[in-house]
Amino acid sequence: MTSTISPTSDTRSQVISTYHDHPRFICLSCSAVLALQDELISKSFSGREGRGFLMHSVTNVKLGKKEDRPLLTGVHTVADIFCMGCNDRVGWYYHKAADLSQKYKEGKYLLEREKIVKENNWKLDQ
């Protein structure tokens with residue numbers, strides 16, 4: 001679920017707590033839930049600051065301005081995504097890919113590995 005609220009707006013009160021007891025990715029800065037680990041498509045992507053994870057869907061993010069950006073695989077129309085809890089940029093959303101071989105990315109999200117934490121929520125038998 002993404003929002004088109006301004007990336008600089010104070011949206012802390014709109015963060016939803018979800019996916020309890022499920023493995024998920026959370027924001028490094030504020031611990032807002034960003035995605036279920038089950039939504040992971042690939043870990044073989046590059047973000048601005050290192051590795052990136054391609055995701056089917058995310059939550060608790062808002063979209064920045066749409067722009068054409070030259071990436072390793074060609075020019076893509078993307079919008080940065082920002083955590084609703086702390087306004088940190090956590091990745092981007094793929095609106096459009098110019099190259100036919102890259103069309104599979106459209107409508108997907110890239111979460112930057114350096115901006116998220118993997119939370120497994122393991123339970124021990126009692």
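Residues numbered from 1 in each chain as written. Predicted model: local features only at pLDDT ≥ 70, side-chain atom pairs only at ≥ 80, totals over all residues. Heavy atoms only, no water.

## Describing the overall build of the protein
Thought 1: A tally of helices and strands in the protein yields zero helices and ten strands.
Thought 2: Mapped from its N terminus to its C terminus, the protein presents α and β elements in the order β-β-β-β-β-β-β-β-β-β.
Thought 3: Within the protein, the proportion of its 126 residues that are buried is 43%.
Thought 4: In the protein, 51% of the contacts between residues at least 6 apart in sequence involve partners at least 24 apart.
Thought 5: Total accessible area computed for the protein in this model is approximately 7100 Å², and 49% of it derives from carbon and sulfur atoms. (Helix = DSSP H or I, 4+ residues; strand = E, 2+ residues; numbered from the N terminus. Buried < 20%, exposed > 50% of the residue type's maximum accessible area, 1.4 Å probe, protein only. Contact = heavy atoms within 4.5 Å. Areas by Shrake-Rupley, 256 points an atom, 1.4 Å probe, with all protein chains shown as cover.)

## A short note on the pattern of salt bridges
Thought 1: Per the counting criterion, the structure on display carries eight salt bridges.
Thought 2: A salt bridge links arginine 48 to aspartate 80; the nearest nitrogen and oxygen atoms lie 3.6 Å apart. Placement of the pair is arginine 48 in the loop between β4 (40-47) and β5 (50-55) and aspartate 80 in strand β7 (residues 74-83), with a sequence separation of 32 residues.
Thought 3: In this structure arginine 48 comes out as partly exposed when scored by relative accessible area, which is 44%.
Thought 4: We classify aspartate 80 as buried; its relative accessible area is 11%.
Thought 5: Put simply, glutamate 49 and lysine 115 hold a salt bridge, and the shortest N to O gap is 3.7 Å. (Salt bridge = Lys/Arg side-chain N within 4 Å of Asp/Glu carboxyl O.)

## Brief notes about the sheet that holds strand β10 (residues 116-119)
Thought 1: The antiparallel open sheet is built from three strands, whose spatial order is β3-β2-β10. Looking at which strands have only one partner, the edges of the open sheet turn out to be β3 (33-36) and β10. The average undirected angle you get between the axes of adjacent strands in this sheet is 25 degrees.
Thought 2: Sheet analysis places strand β2 (residues 24-27) next to β3, joined by three bridges and oriented antiparallel. Bridge assignment links arginine 24 to a residue of β3, and that residue is leucine 36. (Pairing = 2+ DSSP bridges. Axes fitted to C-alpha atoms, helices over the stretch in contact; angles between N-to-C directions.)

## Quick notes on the nonpolar core
Thought 1: Within the largest apolar cluster, 18 residues are counted, with the highest numbers of intra-cluster contacts made by Leu34, Met55, Val58, Ile81, Val90 and Leu111.
Thought 2: Of all the elements in the fold, those that place two or more residues in this core are β2, β3, β5, β6 (61-71), β7, β8 (89-97) and β9 (109-112).
Thought 3: Take this core: its biggest share by element is three residues, from β7.
Thought 4: Excluding its chain neighbours within four sequence positions, the residues that come into contact with leucine 34 are Phe25, Ile26, Cys27, Val58, Thr59, Asn60, Val61, Cys83, Val90, Leu111 and Ile116.
Thought 5: Counting residues in hydrophobic clusters, the runner-up holds six residues, among them Leu54, Val78, Trp92 and Tyr94. (Core = buried A, V, L, I, M, F, W, Y, C linked by side-chain atoms within 4.5 Å.)

## Let's talk about the pairing of β9
Thought 1: Every second residue of β9 is oriented toward a common face, with Tyr109 and Leu111 on one face and Leu110 and Glu112 on the other, all of them buried.
Thought 2: Two strands pair when backbone bridges link them, and β5 and β9 are joined in this way by four bridges, in the antiparallel orientation. For glycine 52, the partnering residue across the bridge sits in β9 and is glutamate 112.
Thought 3: Where β8 and β9 come together, three bridges link them in antiparallel fashion. Within β9, the position partnered with tyrosine 93 by the bridge is tyrosine 109.

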